There are 2 protein chains.
Amino acid sequence: MSRDRDPIRVALLGCGVVGSQVLRLLREQADELAARVGAPLELAGIAVRRPQRHPEVPAELLTTDAAELVGRPDVDVVVELMGGIEPARDLLLDALKGGRSVVSANKALLAEEGEALATAARDSGADLYYEASVAGAIPLLRPIQQSLAGDRIRRVAGIVNGTTNFILSAMESTGAGYADALEEAGRLGYAEADPTADVDGYDAASKAAILASLAFHTRVTAADVYREGIRDVTATDIASARALGCTVKLLAICEQVGGSSGDAVSARVYPAMIPKTHQLASVSGAFNAVFVEADAAGPLMFYGQGAGGPQTASAVLGDLVAAARNKVIGGRGPRDSAYAHLPIQPIGEVRTRYHINLDVHARAGVLAAVASVFAEQGVSIATVKQEGGDVAERSSTLRGGREADADDAGHGGDAGTDATLVVVTHEAADAALRATVEALSGLESVRGVASVLRVEGLGRPVHALGGAQ
Amino acid sequence: MSRDRDPIRVALLGCGVVGSQVLRLLREQADELAARVGAPLELAGIAVRRPQRHPEVPAELLTTDAAELVGRPDVDVVVELMGGIEPARDLLLDALKGGRSVVSANKALLAEEGEALATAARDSGADLYYEASVAGAIPLLRPIQQSLAGDRIRRVAGIVNGTTNFILSAMESTGAGYADALEEAGRLGYAEADPTADVDGYDAASKAAILASLAFHTRVTAADVYREGIRDVTATDIASARALGCTVKLLAICEQVGGSSGDAVSARVYPAMIPKTHQLASVSGAFNAVFVEADAAGPLMFYGQGAGGPQTASAVLGDLVAAARNKVIGGRGPRDSAYAHLPIQPIGEVRTRYHINLDVHARAGVLAAVASVFAEQGVSIATVKQEGGDVAERSSTLRGGREADADDAGHGGDAGTDATLVVVTHEAADAALRATVEALSGLESVRGVASVLRVEGLGRPVHALGGAQ
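Residues numbered from 1 in each chain as written. Chains lettered and ligands numbered in written order. Predicted model: local features only at pLDDT ≥ 70, side-chain atom pairs only at ≥ 80, totals over all residues. Heavy atoms only, no water.

A few points about the domain arrangement of chain A
All names here are of chain A.
Okay, so step 1: By domain assignment, chain A separates into domain 1 (2-136 + 310-329), domain 2 (141-306) and domain 3 (349-465).
Okay, so step 2: Opposite the 19 residues of domain 1 that make contact, domain 2 presents 17 residues.
Okay, so step 3: Buried surface at the junction of domain 1 and domain 2, both sides included, amounts to about 1400 Å², of which 59% is carbon and sulfur.
Okay, so step 4: Taken as a group, Lys107, Ala111 and Val134 account for 36% of the area that domain 1 buries against domain 2, more than any other trio of residues on that side.
Okay, so step 5: Here Glu115 makes a salt bridge to Arg219, at a shortest N to O gap of 4.0 Å.
Okay, so step 6: Along the contact surface separating domain 1 from domain 2 lie seven residue pairs in polar contact (both at pLDDT 80 or more).
Okay, so step 7: Tallying contributions element by element places helix H5 (residues 107-124) first for the side of domain 1 that touches domain 2, with eight residues.
Okay, so step 8: Here the residues of the side of domain 1 that touches domain 2 are counted per class, giving nine nonpolar, five polar and five charged. (Domains from an automatic or database assignment. Contact = heavy atoms within 4.5 Å. Buried area = accessible area lost by both parts, 1.4 Å probe. Salt bridge = Lys/Arg side-chain N within 4 Å of Asp/Glu carboxyl O. Polar contact = N/O pair within 3.5 Å; in protein donor to acceptor, adjacent residues only side chain to side chain. Helix = DSSP H or I, 4+ residues; strand = E, 2+ residues; numbered from the N terminus. Nonpolar A, V, L, I, M, F, W, Y, C, P; charged D, E, K, R; others polar.)

Side note on the interface of chain B and chain A
Okay, so step 1: Across the contact, 60 residues belong to chain B and 60 residues belong to chain A.
Okay, so step 2: Here chain B packs against chain A, burying approximately 5200 Å² in sum over the two surfaces, 52% of which is carbon and sulfur.
Okay, so step 3: Counting across the chain B and chain A interface gives two salt bridges.
Okay, so step 4: Two residues, Glu32(A) and Arg152(B), come together in a salt bridge whose shortest N-O distance is 2.7 Å.

Considering the sheet that holds strand E3 (residues 62-63) of chain B
All names here are of chain B.
Okay, so step 1: On the basis of which strands lie adjacent, the open sheet formed by six strands has the order E3-E2-E1-E4-E5-E6 and parallel pairing. Each edge of the sheet is formed by a strand with only one pairing partner; in this case those strands are E3 and strand E6 (128-129).
Okay, so step 2: By the bridge criterion, two bridges tie strand E5 (residues 101-104) to E6 in an arrangement that is parallel. Bridging from a neighbouring strand, Val103 pairs with Tyr129 of E6.
Okay, so step 3: Of the strands in this sheet, strand E1 (8-13) and strand E2 (41-47) are in contact with helix H1 (residues 17-28), which crosses E2 at around 155°. (Pairing = 2+ DSSP bridges. Axes fitted to C-alpha atoms, helices over the stretch in contact; angles between N-to-C directions.)

Okay, structure coming up:
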C-alpha cells in the first residue's frame, strides 16, 4: 500500500562522508523507509561541487546547481549536508520559504541563523529538523524538544566533541603533550587537517548554542557561548587533575540560572576537571555523553557515538522520515518555541570553581601573600596543598649550612628554593576567580601559574551510575 | 497569541501517584505549555473511583463516569493513568474510535492490546502515545520509534524495573537473602504491598514487549516474552556472580536474530550475571538504563529514573504536548509501522550462556561424569573451577587415615566429602543448556545444583564508558 502513494521527493545537498552514507541507507532500506513513511522516498537530485568525484551516484541525479535543485516545485524535502554558513543559509531559506521541509546536519548554520530558519519554516508551514547537527547518532534534540516539552529543563551538560575528547584521553593515558596527542588524533582520523573548529571549541560552542536554545526556549547563538578550547591544556594540567582524582574533559555546559524572576541562560565551553567517579569521566574517544536535568524527569543521560558518516546519517534519516511523513499526512513537526527571551549570563557572573597550580618561592610569607589575594577577591578556598620543590635545589641549600625544609614555607630564605602550591577554590563568580589568578601571577613570591583549570562536578550530587542518587 | 487559540480539552483518567503530578504540572506550567502547544491546555474532567479522596481537585472536574467523560465531543485528548487492562481498554478504544487522541502510561495494556489500539488510532486519525509506559522519565520510545526510524535496530537491552534492581542491589551490598531484601524494598517504598508484577518479571516483560514491537516493527505481546523473575535468586547466586567479577541484574533483552531471510525476534526477561565493568552493572536502585544498538547509529545508551510520580508525569506531559499540538495544527504522530510480522524465536532456540554452580561429591570420576553431560548436549565449556568442600568434612576424612585433597577430584573416596564445581559455558541454545542442567541434577555424583544463572555481556564487545569500543 505504501508504494501506491505518490513518492516523497528528496533533494540532497552534498555527498561527502555523511551524504554518501545517507545515499547508501536510502537505497538499502528503501522498502522499510517506505513502510515507515507511508510512501516511497525518491531522490530528486544530488547537488555536489565536483560531479566527477561521485562515480557511484547515477549521473542523472547529479547537479552542480544547488539553487536550481532546491527550487524545483517537485521537491518536498531538502537534506543539507554541505556544512558552512554560506551558501547553505540562502539555499535553506529559499527552500523553507517555498514550503520545502529541511533536514540539516549543519551545526554552524543552526547556531548562527537558527532564528531566521525557524521563522521561514513557521511562516511557510515547512518543517525544520536538525538532530544530526549535535551529537551524531545520539537522539538528543528530539528528546529535549519533544519528550521534555512538558517539563522544565535546568541543565544540559556533557561531552559533545569527539576530537578533543580523544586528544585529552590520549594525553591522559600516554602522558603525551598536547601537540603530540593532536598529531596522533590526526593520524587516526579523529582530527581534521585543520583542527581549529574542534580544538578551539567552535564545534562544541555551536552545539551548546543549539542545545541551550531548545532547552531554555531562548535564542542562543554561537557568539553567546563563552568558549575556551584545549590548545592551552598541558601535561601539567592533566597531572594536576590526576593528583586530585580527576580527569580533564572539554565540557559544554548550558544552564538556566537565577530565580523565578530574573532567570538567565548560561552557555559555555571550556576544559575542566571532573571527578574520575563521574559518569562523564569514562566517556572516551569518539563517544559523546550528555546529561539533561529537568524538574520532573530528574537526571537523564544520553550516550553514543557523536560523529561519523553512518552515525550522523542515522540521525539525518530519522529526521527525513519524520519530515517525509508530515508531507504524506499533512502534519507538522514540533512548534518552534523560543518564547522565553531570557538574557545570556556573562561568563564573569557564572559561578565556577578553579583549580590553581602555582610555582612559588619557598620562603616565609608566601602562603600568607597568596591567601590574602583570595581574601581580597572574596574567593573562598576549599583545599590547599603545598609541596616541596626540586630535590637538587634543596640539596644546594645545605652547602650554606642551613637546611631548607621544603615542607614549611616559613623556613629557609634561599631564593633558589621552589615549591608548588595547589589551591582548589569553592564556587565563586568566574570574574572574581579570574581576577584572583591575575593578581596571583603578579605576586613577587609567585614564580608562575603552572596550571589553571575550572573544576566541575566536585562536591555536587554525582549522578554516577551507582553513585549517590 | 497562544491564548487566543481555542483551548485543547484534556480528559484525565485516574488521579493517583502519577495523575496528581500530571495535574500539578498542568497547573504550574500552564503558560509554558500553552506557548509550546500553540493553544492553552484545559482540563475537561478527571475520572476517579472515589472523588472524596481528591480534595485538592476542583469538584466540578471530578467524575466517577469515565466512559461518559471519554465520550464527550469537546474532549480532544484522553490521558489514561488508571493502569490495568479493563476498563482502560474499552475506554481507550472508544476514545480512539471517536477521534480523540490518547496518551497512556499503561504498560500492561499496551503490551497486550497494542494492535487493537494502534488500529483504532490509524482508522480514526487520532494519535496514540505511550512513552510513559516504559522507563519512566527516560525518553526511549520516541527515540526508538522516531529518531531511529531511518535505521535498523538490532538489539534493545537493559534494566527496566526499579523494584527488582533495588532488591538485587540490596542483596549484593548487604549479603541479605531475597526475602529480607524484598522486605526492605517494601519498607523504603521501592516495592508495592503485592510485589508480584515486579518480582515475577511481569512489569519488565510488558516493557520488553512494547520495546520489541517498536524496535522490530513486529507485534510482540507480553505473552511472547519469555519471563523469569527474581524470586529464585539466592545469596549463593549473588556470591557466585561476585566470584566471577559479575553482578546479578534482571535484564530485558530484545533482539532481531537470524540472517537477512529468516529473521526472528527474541524477547526475554530473566536475571543474569553481567561483568562488573559493564555500564549496566553500576545502575542501581530506581534508575533504569537501556542500550539500543542500531546498524548505522551503533550503540546508544539511555539512562534515568524509571519510575516515580513526577518522572512518569514528565513523560506523560511530553506526549500530551505532542498530541495537543497535532490537534492544533491538524498533524499526526508517527505512523504505526508493525509491518515486519517477524516470528518470535522460542526461548529454547535463543543462544545464551549459563553459569552453573554444582555441589558434588569429591570422588573419582565426578568431573568426567559432569563433562560428559555437557558433551552429550553439545554444550562447550568456557571455564570450570573446582573448589574443596567444608573444612570440617575434610578434617573428618583425616580420622580415616587418608588425606582428602579437595583440590583433586580424583582423590579420596569418602562419600562425605563434598566439593563445588563451577562451570561457565560458551554460547549454546538455551534448550541445550537447560537439558544439560536437568541431566546434571540427575547425576549420582551431583548432590545438587546450587545456582544456575544466565551470563550476559561476558566476552562480547563491552560498550563500557571508557571500555573497549
